[in-house]
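Understanding the architecture of this molecule
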Amino acid sequence: MELYIKNMVCPCCQRVVESELVRLGFHLRYVDLGVADIEETLSVAQQQLVRSALRKTGLELLDDKKSILVQKIINTIRDVVRCSDEPLVYNLSVHLSSLLGHDYTYMSNLFSEKLGTTIEKFYIVRKIERVKELLIEDGLTLTAIAYKMHYSSVAHLSNQFKKVTSLTPSRFKQLQEKKYAMWSF
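Below, the structure is looked at part by part. (Residues numbered from 1 in each chain as written. Predicted model: local features only at pLDDT ≥ 70, side-chain atom pairs only at ≥ 80, totals over all residues. Heavy atoms only, no water.)

1. Thoughts on the overall build of the protein chain
What counts here: Secondary structure follows DSSP: runs of H or I at least 4 residues long count as helices, runs of E at least 2 residues long count as strands, and numbering of each begins at the N terminus. For the accessible areas, the method is Shrake-Rupley and the probe is 1.4 Å, while residue cover comes only from the protein chains on display. A positive count includes Lys and Arg, and a negative count includes Asp and Glu. His and the chain ends are not counted in either. We put the charge of a Lys on NZ, of an Arg on CZ, of an Asp on CG and of a Glu on CD.
A count of helices and strands for the protein chain gives 9 helices and 4 strands. Each principal axis of the C-alpha atoms in the protein chain carries an extent, and together these give about 55 × 50 × 30 Å. Counting only carbon and sulfur atoms, one obtains 55% of the accessible surface of the protein chain, whose full area is about 11200 Å². For the protein chain, the centre of its 25 positive side-chain charges and the centre of its 21 negative side-chain charges are spaced 7 Å apart.

2. Re helix α2 (residues 44-55)
For clarity, the cut-off: To estimate the expected span of a helix, subtract one from its residue number and multiply by 1.5 Å. Only protein chains enter the calculation, and the probe is 1.4 Å; a residue is then buried if its accessible area is under 20% of its type maximum, exposed if over 50%, and partly exposed in between. Directions pointing from the helix axis toward each C-beta atom define the arc.
Between the first and last C-alpha of α2 there are 16 Å, a value that for 12 residues agrees with the 16 Å anticipated at 1.5 Å per step. Within α2 the residues assigned to the buried category are V50, R51, A53 and L54. Projection of α2 onto a plane perpendicular to its axis shows the buried side chains occupying an angular sector of 165°, all on one side. Facing away from the buried side of α2 by more than 90 degrees, the exposed set consists of V44, A45, L49 and R55.

3. Details of the sheet that holds strand β1 (residues 2-6)
Going by this rule: Strand pairing is assigned whenever DSSP identifies at least 2 bridges connecting the two strands. Lines fitted to C-alpha atoms define the axes here, with helix axes fitted over just the stretch in contact, and angles between the N-to-C directions of these axes take values from 0 to 180 degrees. Throughout, a residue-residue contact means that at least one pair of heavy atoms, one from each residue, lies within 4.5 Å.
The strand order across the open sheet formed by 4 strands is β2-β3-β1-β4, and the pairing between neighbours is antiparallel. The open sheet is flanked by β2 (28-32) and β4 (60-62), the only strands paired with a single partner. Taken pair by pair, the neighbouring strands of this sheet meet at an average axis angle of 25°, ignoring direction. The sheet contact formed by β1 and β4 spans 3 bridges and is antiparallel. In the sheet register, K6 faces β4, and the bridge partner there is E60. Contacts from helix α3 (residues 65-82) reach β1, β2, β3 (35-38) and β4, with the element oriented near 80° to β1.

4. So, the environment of T165
The criterion, for reference: In protein, a polar contact means a hydrogen-donor-capable atom and an acceptor-capable atom, both N or O and within 3.5 Å, with residues adjacent in sequence counting only if both atoms are side-chain atoms; elsewhere, any N or O pair within 3.5 Å suffices.
On the secondary structure map, T165 appears in helix α8 (residues 154-165). Taking the C-alpha atoms as reference points, T165 and K132, separated by 33 residues in sequence, lie 10.0 Å from one another. Excluding anything up to four places from it in sequence, T165 contacts I128 and K132. Looking at T165, its side chain comes within polar contact range of the main-chain oxygen of F161, at 2.8 Å. Among the polar contacts listed, one links the side chain of T165 to the backbone oxygen of L167, at a separation of 3.1 Å.

5. Structural notes on the environment of E39
Within the secondary structure layout, E39 lies in the loop between β3 and α2. C-alpha separation for the pair E39 and H27, spaced 12 residues apart in sequence, amounts to 5.6 Å. Beyond its immediate chain neighbours, meaning those up to four positions away, E39 contacts H27 and R29.

6. Structural notes on the environment of V22
With respect to the secondary-structure elements, V22 resides in helix α1 (residues 11-23). Given a relative accessible area of 48%, V22 falls into the partly exposed group. The sequence separation of V22 and I38 amounts to 16 residues, and the corresponding C-alpha distance is 9.8 Å.

Right, dumping it as structure tokens:
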């Protein structure tokens, strides 16, 4: 049974969910950001136990279809950004519709209603977050990052980066290097 979980944002959250589900006696198939799959089918009482355990850690078990769909959209966008080595065959709206089996307009309206932002803006922010990671960790050039993240040009990446962060990519990298240098004493 798949359980959809809100607020899972990092591997630490995955470990917390794994730990809580095992502590409650469930058998895990896998845990990924936003979703956990267990062998058991939960009764109403078990759902309440899981909900309560997760709530104590700042996570939320989702059980209504609309919230689950929004979480699936988030997970899909995260996967698209994380696996950016392969460009989308279609645009994002077609990709989401075909993968999740819903009309894009419906998903877009639902997403905006639940999160207060559009799918496109959410996608751009996630891409820029990934660009930040690549600037800091991988030592790639901006040209290589633009290519890896499927931007049409370095200028397009730089403009989008500045709109989201109010910094140029090079200024962001300088500030991160300065911050790192201060902590490496």
